[in-house]
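Close look at the chain arrangement
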Amino acid sequence: MSGTTPPIHKAFTVTNIKAHIPIVLDLEQLNYNTWREFFNTHCEAYDTLDHIDDTFDAPKTPSTYPQWKKVDVAVRTWLYMTLSQNLANNVVKTNFSARQLWLTIEKRFRDNKDSLIMQHDSDIRTITMGDLLVQAYCTKIQNIADILENLDANSKFSDKHPVIYTINGFLSRFENIATVIRHRNPFHTFLETRSMIAFEESRFNHIRIPQVSSHSENSSSPTILHTGGNQNYRQGDRRNDHHQPPKDRRQQSSRGGQQ
């Protein structure tokens, strides 16, 4: 009597994990929470969540263990493929289950969490615009805010906090728009604030350009510099060279007659 073939588990249909989880987990980027959300969602879709969450329980029935073991190896491979090289060197151990590897990764990112939060919280509160353009300045603030959120997913870091830190670090030329943002009710979102100051920066740039052009056009006798000799003079002076005094013209006429 021929036995029935068990259906292929969904995990074995995944051929390229990076197409499903496009984030590489990296200690430098502190992107653990984002990576974790991608990985949890993928595992839930492919019926493998029990291999990494607290429902982990390896089957005791010999007949089902080989299949479970193969699925667990698949999940462990997904984990390996989404780690940076440096992180993999720190967490990969032999004979680990997917759950054990998952917990090791979590611990690696949760260590020193409080000190990192304090450091980045201080950075974002004291940030100033300096010589940065608006887009670079706002991107820097957004990156720090993302790091803080990744360090603590349960933090109360609302959207208005980056707005406050952004306008606090403005240059004086943005003071007018900062006043508008401060008194807006409801408060502007960070994206709205970013768009407003980017438009203001563009307006400043367009104001300066006509001023330079207008000065050039209204200059009645621009100075032309020549290379050689003492030949720096104005166009108006050059036009006067064609009009010789009457005395010089009589001298030229006399010499012409003598010839």
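Provided above is the structure to which this section pertains.
These remarks concern the structure in this document. In this text the structure is predicted, and so the values were computed from the model without any measurement.

Here we take up the pattern of salt bridges. Counted by the stated rule, this structure contains six salt bridges. With its nearest N and O atoms 3.0 Å apart, the salt bridge here joins Arg36 to Glu106. Of the two residues, Arg36 is situated in helix α1 (residues 32-45) and Glu106 in helix α4 (residues 98-110); the sequence distance between them amounts to 70 residues. On the basis of relative accessible area, Arg36 is assigned to the partly exposed category, the value being 23%. Under the relative-accessibility criterion, Glu106 is labelled partly exposed at 22%.

Counting 26 residues, the largest nonpolar core has Leu25, Trp35, Phe39, Trp78, Leu79, Leu83 and Ile105 as its most contacted members. Mapped by element, the contributors of at least two residues to this core are α1, α2 (65-81), α3 (85-91) and α4. Filtering out sequence-adjacent residues up to four positions away, Leu83 remains in contact with Val24, Leu25, Trp35, Ala88, Val91 and Ile105. With 22 residues, the next largest nonpolar core counts Ala145, Phe174, Ala178 and Phe190 among its residues.

A word on the environment of Asn90. In this fold, Asn90 is placed in helix α3. By relative accessible area, which is 40% here, Asn90 ends up partly exposed. C-alpha separation for the pair Asn90 and Arg108, spaced 18 residues apart in sequence, amounts to 8.5 Å. Residues in contact with Asn90, not counting those within four places in the same chain, are Leu27 and Arg108. Polar contacts involving the side chain of Asn90 include one to the main-chain carbonyl oxygen of Asn86, which spans 2.7 Å.

The full count for this structure, using the stated rule, is seven aromatic pairs. With a centroid separation of 6.4 Å and an interplanar angle of 50°, the aromatic rings of Tyr137 and Phe170 are classed as tilted. Of this pair, Tyr137 sits in helix α6 (residues 134-151) while Phe170 sits in the loop between α7 (160-168) and α8 (175-182), and the two are 33 residues apart along the sequence. Like Phe170, Tyr137 is buried. Taken together through their ring pairs, the aromatic side chains of Tyr32, Trp35, Phe39, Trp102 and Phe109 make up a single cluster.

What follows covers the side chain of Arg99. Tracing the sequence through the fold places Arg99 in helix α4. Notably, Arg99 is buried but unbridged: the nearest opposite-charge side chain belongs to Asp53, and the N-O separation is 5.8 Å. Once residues within four sequence positions are removed from consideration, Arg99 is found in contact with His51, Ile52, Asp53, Asp54 and Phe56.

With that out of the way, let us pick up the packing of α6 against α7. Two elements in contact, α6 and α7, have axes whose closest approach is 10 Å; the angle formed by their N-to-C orientations is 140°. If you check the angle between α6 and α7, you find them oblique. Crossing of α6 against α7: the hand is right-handed. Here α6 contributes Tyr137, Cys138, Ile141 and Ala145 to the contact with α7, which in turn contributes Pro162, Tyr165 and Thr166. The residue inventory of the contact of α6 with α7, partitioned by class, reads six nonpolar, one polar and no charged.

Two elements in contact, α1 and α6, have axes whose closest approach is 7 Å; the angle formed by their N-to-C orientations is 60°. By the angle between their directions, the pair α1 and α6 is classed as oblique. Side by side, α1 and α6 meet where Tyr32, Asn33 and Thr34 of the first sit next to Glu149, Asn150 and Leu151 of the second. The residue makeup of the contact of α1 with α6, split by class, is two nonpolar, three polar and one charged.

On to unusual backbone geometry, then. Despite not being glycine, Asp47 has its phi angle at roughly 55°, a positive value. Along the chain, the position of Asp47 falls in the loop between α1 and α2. The backbone of Asn95 sits at a positive phi, close to 65°, despite the residue not being glycine. Within the secondary structure, Asn95 sits in the loop between α3 and α4. A relative accessible area of 77% places Asn95 in the exposed class.

Each value, and the rule that gives it
Residues numbered from 1 in each chain as written. Predicted model: local features only at pLDDT ≥ 70, side-chain atom pairs only at ≥ 80, totals over all residues. Heavy atoms only, no water. Salt bridge = Lys/Arg side-chain N within 4 Å of Asp/Glu carboxyl O. Helix = DSSP H or I, 4+ residues; strand = E, 2+ residues; numbered from the N terminus. Buried < 20%, exposed > 50% of the residue type's maximum accessible area, 1.4 Å probe, protein only. Core = buried A, V, L, I, M, F, W, Y, C linked by side-chain atoms within 4.5 Å. Contact = heavy atoms within 4.5 Å. Polar contact = N/O pair within 3.5 Å; in protein donor to acceptor, adjacent residues only side chain to side chain. Phe/Tyr/Trp six-rings, centres within 6.5 Å; stacked < 30°, edge-to-face > 60°. Lys, Arg positive; Asp, Glu negative; His and termini not counted. Axes fitted to C-alpha atoms, helices over the stretch in contact; angles between N-to-C directions. Parallel < 35°, antiparallel > 145°, perpendicular 65-115°, else oblique. Left-handed = near helix turned anticlockwise from the far one by under 90°. Nonpolar A, V, L, I, M, F, W, Y, C, P; charged D, E, K, R; others polar.

In short, shape yes, function no, at least from these values alone.
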